[in-house]
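Observations on chain architecture
Given next are the chains, with one letter for each unit.
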Amino acid sequence: MAETVKGPASYFPSIEKKYGRPIAEWQKLIRSSPLTGHMQLVAWLKSEHGLGHGHANALVAHTLAEAKGR
């Protein structure tokens, strides 16, 4: 039986569908940004790329957690 995805990654299918970019591409943008703070990155995704707050927050949270090895 398939395991249910929880946490920030649960937003990924709707992010890809709504914005037409794969998650890996969003993560590459986040990693290449000179910004480092969680809320700075969220605000940047919202203002520069038109993401909603929940989607931006999920992408940033997941990407920063991966960078920290979580």
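In this report, we go over the structure that sits alongside the text. (Residues numbered from 1 in each chain as written. Predicted model: local features only at pLDDT ≥ 70, side-chain atom pairs only at ≥ 80, totals over all residues. Heavy atoms only, no water.)

A closer look at the overall build of the protein
Put simply, the rule is: Secondary structure elements follow DSSP: runs of H or I of four or more residues count as helices, runs of E of two or more count as strands, with numbering from the N terminus. Restricting the calculation to C-alpha atoms gives the radius of gyration, and the globule rule supplies 2.2 Å times the number of residues raised to the power 0.38. Exposure is judged per residue with a 1.4 Å probe applied to protein chains only, and the accessible area is read against the type maximum: over 50% gives exposed, under 20% gives buried, and values in between give partly exposed. Working rule for contacts: check all heavy atoms of both residues, and any pair within 4.5 Å makes them a contact. Shrake-Rupley sampling with a 1.4 Å probe provides the accessible areas, and residues are treated as covered by the protein chains on show and by no other component.
For the protein, the helix and strand inventory stands at four helices and zero strands. Its C-alpha radius of gyration of 12 Å places the protein within 12% of the 11 Å reference for a compact globule of 70 residues. Buried positions account for 27% of the 70 residues belonging to the protein. Nonlocal contacts in the protein, meaning residues at least 24 apart in sequence, comprise 47% of its contacts between residues at least 6 apart. A total accessible area of about 4700 Å² is found for the protein, and carbon and sulfur atoms account for 56% of it.

Some points on the side chain of T63
If you trace the backbone, T63 turns up in helix α4 (residues 53-67). Residue classification places T63 among the buried positions, given a relative accessible area of 2%. Once residues lying within four places of it in the same chain are set aside, the contact partners of T63 are Q27, I30 and R31.

Overview of the nonpolar core
The condition that has to hold: Think of a nonpolar core as a cluster: buried Ala, Val, Leu, Ile, Met, Phe, Trp, Tyr and Cys residues, connected wherever their side-chain atoms sit within 4.5 Å.
Among the nonpolar cores identified, the biggest contains 14 residues, and W26, L45 and L59 are the most heavily contacted of them. Sorting the residues of this core by element identifies α1 (12-19), α2 (23-32), α3 (38-49) and α4 as the ones contributing at least two each. Examining the composition of this core, we find that four residues originate from one element, α3, more than from any other. Contact partners of W26, with chain neighbours within four places excluded, come to I15, Y19, R21, L45, H49, L51 and L59.

Here's the deal with the packing of α1 against α4
As a reminder of what qualifies: Every axis in this analysis is a line fitted to C-alpha atoms, fitted for helices over the stretch in contact. Angles between the N-to-C directions lie between 0 and 180 degrees. Any angle that falls under 35 degrees is termed roughly parallel, while one over 145 is termed roughly antiparallel, one within 65 to 115 roughly perpendicular, and all others oblique. We call a crossing left-handed when the near helix sits turned anticlockwise from the far one by less than a right angle, and right-handed when that turn is clockwise. Charged means Asp, Glu, Lys or Arg here, nonpolar means Ala, Val, Leu, Ile, Met, Phe, Trp, Tyr, Cys or Pro, and polar covers whatever is left, Gly included.
It is the contact of α1 with α4, at a shortest axis distance of 10 Å, that shows an interaxial angle of 125°. As far as their axial angle goes, α4 and α1 are oblique. The two elements α1 and α4 meet at a crossing, and its hand is left-handed. Residue-level inspection shows F12, S14, I15, K18 and Y19 of α1 in contact with α4, the latter providing H55, A58, L59 and H62. Considered class by class, the residues forming the contact of α1 with α4 number five nonpolar, three polar and one charged.

Comments concerning α3
Every α-helix carries 3.6 residues per turn, so stepping three or four residues along brings you back to the same face. Our working definition: A helix is expected to span 1.5 Å multiplied by its residue count minus one. Working note: the arc is built from the helix axis to C-beta atom directions.
Helix length check: α3, at 12 residues, gives a terminal C-alpha distance of 16 Å against a target of 16 Å (1.5 Å per residue), a fit within 8%. Among all positions of α3, only L41, V42, W44 and L45 are buried. One side of α3 carries all its buried residues, which in axial view fall inside an arc of 160°. In this structure, the buried residues of α3 make contact with α2 and α4. G50 lies just past α3 and shows a positive phi near 75°.

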